[in-house]
Amino acid sequence: MSNRDDAVAASPKWLRSYASIVLAVAMAATALVTLHRMTSGVDLSDIRRQALMLSPHAIFLAILATVASFVALGLYDVVASRSIAPGRVAWPTAALSGMAGYAFSNLLGFHLLTGGAIRFRTYSRSGLDAGEIGQIVLLTWFAIWLAFAVVVSMALIFDPAGIPLMDLIHPAADRLLGVAILLCLVLAFIRARSHASAISLFGWTIPLPQRNMILLQLLIGTFDIAASAATLYVLLPTDVSIGPALFLTVYATALVVGAISHVPGGVGVFEATIIAGLGLAGRADVLAALVVYRVIYYVLPFALAAVLLALFESRYFMSHLPAKLSAPIRSLKTMMPLVTSAVVFMSGVVLLLSGATPGIPARLETLEDILPLSLVESLHFLGSLLGLALLIVAYGLRRRLFYAWATSMVLLVLGAFASLVKGIDWEEALVLGATSLFLLMCRDAFYRRAPLDVSRVSWRWLGLTGVVVAATTWLGFFFYRDVKYSDELFWQFEWSGDATRFLRATIGLAIVVFFLAMYRAIHQSGGGKRRTKTEVQAEIAEIVTLSHDTQANIALLGDKEFLLSPSKTTFIMYGHAGNSLVSMGDPIGNPEEASELVWRLRETADKQAKRAVFYGVQPENLPLYLDMGYSLLKLGEVARVNLQTFDLDGNKSQEFRYADRRATREEIVFEIIPAVQVPSIMSELREVSDTWLKEKNGSEKGFSLGHFDPDYLARFDCAVMKQHGRIVAFGNIWRGGDVELSVDLMRYKSGVSNVLMDALFVRLFLYGKEQGYKWFNLGAAPLSGIPNHTLASRWSHVARLAFRYGDEFYNFGGLRAFKQKFSPVWTPHYLACPGGFQIPQVLLDINFLISGGFGRLISANNNRVPRQKSKAA
């Protein structure tokens, strides 16, 4: 029936999704402009010369400080895991997870996304659930920001003028702010107990470790900041007369600003804050120190982690590892897709940087005697486009796509060839060749055969790509700032025309990025088209006929795909929406084959780089989905009327007797039309349906709800109500063997009778009882029966609010009340899906399948039950 089930609506969080992208782009642009002004008068050759002049002693000390910092980063996770899950995570696993996580997230940015993904993969192997892993991530961040807060608050109290931008505020206000921060830290310490506890803030439960753990995390965090700051401090020129205390303050502030910006690695933002805070603008030696610091503290740990993971792929290497290390390393191997994605992304950055910087004159002179200029110009332009392609394809590697892996291999080989031909840039070719070798070693990690579709690249990733292109473009203009740009410059082709080659490549990149964004906007992956109608297999129809569950009949709608068991006695039906494969209910058929089909659907989704979602599952099958590690959300309750006890006698049936007798007086006749005769009345049914849709300002649903389709309706007997020989209401009858009866598509003409729908249900109940059926399925009442308790889940609180105040969009309360008057037996049904931040997208995908999108759901009130008058008999 049309009010049978409901698509679960969830408001799209566009503002939050795009806010971080806009913030990152805006702060990156601001940083680039600031850096451009601060580096005026500085030449690239000066920066290169100053970098080469750095003493080996300073570089050794910087590497030693980096090692110390990463030891502290590993200790964050060791302490946090022992506080949240004592005795369940081996310390090597926690330490390796922490160090590897920060090696990747420091370079790539989006710490909670990249670092959180790495920790989820490693800690889940140790038996921790998503909630415990989330608490560990929160505690590690708590430790870092605790150390930041202590350093910044002490600086505000004792030297507020040393913090960038804070000198614009009155010193008394700065000191007051510092005292306030310290007081908050003291209160948090007092709130903590000798055992682990938690605080609630804005509805979030934040775990607090024991007091001794807080002190230990504070010591680790302070040591980490001091060690990482020392990495840069020892590289600064000796004539920079800045005390360690002031430098530590500015350094901590730069890290905080870089983290807030969401720019990967804080590139540009960190450097601009350091230069401005220390007053060192216009110095090539300072810029050289910052570049070398980036290489030592960011690039080297990342490269080391990537090489180690590549070695971990070697069976020989794994077979010779100590037993204590083999388990955590196997957990770390799950990070391979993320690492390869980052390595390929950085290879794309290398090509973009190569296209934006001048070639080496001696090498170009060598090429001038060997190759035509047109070939060099073409491959320079192609090299930049290949770099951009690697940035995009890297997204597919994160999702374990085989075609992304194969495409990356081709792009890397072409990029290495282009680097050699356009300028004998053997260094870049070596990097790209090493990356391709690394990918070759990791081939087994990419098994999903889903297509490589640009429309599925996230806006966040496109935003990151745009930031990288903008940064390399700024770098090019920095190198060629003495060039006088004009229209003629674009069309100049000469061996010394590095600036013209850069300009053409930049314009080409801008055009490609623009069209990529347009293509992504037009081909949104969140929905897509509903599956076109297909012929239902004979095996499926036979299983439906034998099933005692009337919901099985929705398989005959022709808008789903199926997985059949080897015996062809059980199937599971599903649809595609966004990144989800959504099952409609549990498997239909032999219960012993249900588990196999559920796992097959999940495997199918995994191969397509999607998630498997199970919508409308029954309580008896919940252990199966819990074993998969899924979260369960209660969708509502299904109402079933016991036909064996239903009759029109007694006081409890007064309303039903009245509806039945009044329908008789109004010459409304109930009739069952056999399926073979339904095509002959299809035009009348169409008229009733169109009138109903127009009056309700509604639209057809799908997936879990039938829609008006002549072929679909012709499969079923049809219950009709006629007045003066004309059909005024109808419903196609679903049969569940000889056990259960129901209706799917129920529509009527308004204004015929106030008791029309009540009378139709009463006649259907009596018909089912006469035919020997035990139950009549009234369908679901969405969001009914949700727990109302302060300790219930967040989903329960949201669902309760929707049930109470959502009548403007969907008649939740009215639908429940309409079904309740038939005194049904209520049975809960659930949604089983991956938990955490995936739940909102899952709800949107399901809503698309059923209603065609959120806008169509709220504009269609076609699930409202008729408000009918009732009188005593």
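Quick caveat, the model's predicted, so the values are computed rather than measured.

Draft legend 1. Up close: the overall build of the protein. Tallying secondary structure elements over the protein gives 31 helices and 14 strands in all. Expressed as a percentage of the 873 residues in the protein, the buried residues total 53%. The contacts in the protein between residues at least 6 apart in sequence include a share of 75% that link residues at least 24 apart. Within the structure as shown, the protein displays about 38600 Å² of accessible surface, and the carbon and sulfur contribution to it stands at 64%.

Draft legend 2. Seen up close, the packing of helix H14 (residues 336–356) against helix H17 (residues 402–423). In the contact formed by H14 and H17, the axes pass within 11 Å of each other and the chain directions differ by 25 degrees. On the basis of the axis angle, H14 is roughly parallel to H17. For H14 against H17, the interelement crossing comes out left-handed. Residue-level inspection shows Val344, Ser347, Leu351 and Ser354 of H14 in contact with H17, the latter providing Ser408, Leu412, Gly415, Ser419 and Lys422. Tallied by class, residues from the contact of H14 with H17 come to 3 nonpolar, 5 polar and 1 charged.

Draft legend 3. Highlighting the pattern of salt bridges. Here the structure, examined in full by the defined rule, presents 25 salt bridges. The closest approach of N and O atoms between Arg504 and Glu377, which form a salt bridge, is 2.8 Å. Of this pair, Arg504 sits in helix H20 (residues 498–522) while Glu377 sits in helix H16 (residues 373–398); the two residues are 127 residues apart in sequence, bridging distant segments of the chain. With respect to class, Arg504 is no different from Glu377; both count as buried. A salt bridge links Glu637 to Arg816; the shortest N-O distance between them is 2.5 Å. Here Glu637, found in strand S8 (residues 631–642), pairs with Arg816, found in helix H29 (residues 812–820); they are 179 residues apart in sequence, far enough to count as distant. Judged by relative accessible area, which is 11%, Glu637 ranks as buried.

Draft legend 4. Up close: a nonpolar patch on the surface. Judged by side-chain polarity, Ile63, Val67, Val71, Leu75, Val291, Val295, Val299 and Leu300 come together as a nonpolar surface patch covering roughly 600 Å² of accessible area. Mapped onto the nonpolar patch, the elements with two or more residues apiece are helix H3 (56–84) and helix H11 (284–312). If you trace the backbone, Leu75 turns up in helix H3. For Leu75, a relative accessible area of 36% translates into the label partly exposed.

Draft legend 5. Up close: the environment of Met628. Looking at the element boundaries, Met628 is found in the loop between helix H23 (622–627) and S8. Using a relative accessible area of 6% as the deciding quantity, one classes Met628 as buried. For the pair Met628 and Ala832, spaced 204 residues apart in sequence, the C-alpha to C-alpha distance is 9.6 Å. Each residue touching Met628, except ones within four places of it in the same chain, is listed here: Val598, Trp599, Arg602 and Phe614.

Draft legend 6. A look at the pairing of strand S10 (residues 718–723). Burial within S10 is extensive, with 5 of its 6 residues counted as buried. When strand S9 (residues 668–673) meets S10, the two strands line up antiparallel, connected through 6 bridges. What sits directly across from Val669, in S10, is Lys722. Summarising the sheet, S10 and strand S11 (residues 726–736) pair through 6 bridges and their orientation is antiparallel. Of the residues in S11, the one forming a bridge with Val720 is Phe730. From the end of S10 to the start of S11, which pair antiparallel, there are 2 residues, and His724 there has a positive phi angle of about 55 degrees.

Draft legend 7. Geometry of helix H10 (residues 269–278). Along H10, 8 of the 10 residues are buried, which leaves the element largely enclosed by surrounding structure. Within the span of H10, buried status applies to Val269, Phe270, Glu271, Ala272, Thr273, Ile274, Ile275 and Leu278. Looking one or two residues past H10, Gly279 carries a phi angle of roughly 65 degrees, positive in sign.

Draft legend 8. Summary view of the confidence of the model for the protein. Scored by pLDDT, the protein has a mean of 78; 77% of the residues are at 70 or more. Throughout residues 525–531 the model reports pLDDT below 50, and contacts reaching past four residues in sequence, or to other chains, amount to 22 contacts.

Draft legend 9. Local environment of the packing of aromatic side chains. Tallied over the full model, the rule gives 29 aromatic pairs. Ring geometry for Phe708 and Phe730: centres 6.5 Å apart, planes at 80 degrees, overall edge-to-face. Highlighted residues: Phe708 in the loop between helix H25 (682–696) and helix H26 (710–713) and Phe730 in strand S11, separated in sequence by 22 residues. For the pair shown, Phe708 and Phe730 are each scored as buried. An aromatic cluster is present here, built from Phe70, Tyr233, Phe247, Tyr251, Phe270, Tyr293, Tyr297 and Tyr298 joined pairwise through their rings. Of note, Arg640 hangs over the ring of Trp775, and the distance from its end group to the ring centre comes to 4.6 Å. The positively charged end of Arg816 is found above the aromatic ring belonging to Trp826, 4.0 Å away from the centroid.

Draft legend 10. Inspection of unusual backbone geometry at higher detail. At Lys568, a position not held by glycine, the phi torsion is positive, near 60 degrees. Within the secondary structure, Lys568 sits in the loop between strand S3 (561–564) and strand S4 (570–577). By relative accessible area, which is 47% here, Lys568 ends up partly exposed.

Draft legend 11. Local environment of the pairing of strand S12 (residues 740–748). With 9 of 9 residues buried, S12 lies mostly within the body of the structure. Sheet analysis places S11 next to S12, joined by 7 bridges and oriented antiparallel. Bridge pairing links Phe730 to Arg747 in S12. Here S11 folds back onto S12, and the loop between the two strands holds 3 residues, one of which, Gly737, carries a positive phi near 60 degrees. Of the pairings in the sheet, the one linking S12 to strand S13 (residues 775–782) comprises 3 bridges and is parallel in character. The residue of S13 that forms the bridge with Leu741 is Phe776.

Cut-offs applied
Residues numbered from 1 in each chain as written. Predicted model: local features only at pLDDT ≥ 70, side-chain atom pairs only at ≥ 80, totals over all residues. Heavy atoms only, no water. Helix = DSSP H or I, 4+ residues; strand = E, 2+ residues; numbered from the N terminus. Buried < 20%, exposed > 50% of the residue type's maximum accessible area, 1.4 Å probe, protein only. Contact = heavy atoms within 4.5 Å. Areas by Shrake-Rupley, 256 points an atom, 1.4 Å probe, with all protein chains shown as cover. Axes fitted to C-alpha atoms, helices over the stretch in contact; angles between N-to-C directions. Parallel < 35°, antiparallel > 145°, perpendicular 65-115°, else oblique. Left-handed = near helix turned anticlockwise from the far one by under 90°. Nonpolar A, V, L, I, M, F, W, Y, C, P; charged D, E, K, R; others polar. Salt bridge = Lys/Arg side-chain N within 4 Å of Asp/Glu carboxyl O. Patch = residues over 30% accessible without salt bridge, like charges linked within 9 Å, V, L, I, M, F, W, Y side chains within 5 Å. Pairing = 2+ DSSP bridges. pLDDT = per-residue confidence, 0-100. Phe/Tyr/Trp six-rings, centres within 6.5 Å; stacked < 30°, edge-to-face > 60°. Lys NZ or Arg CZ within 6 Å of the ring centre and 35° of its normal.

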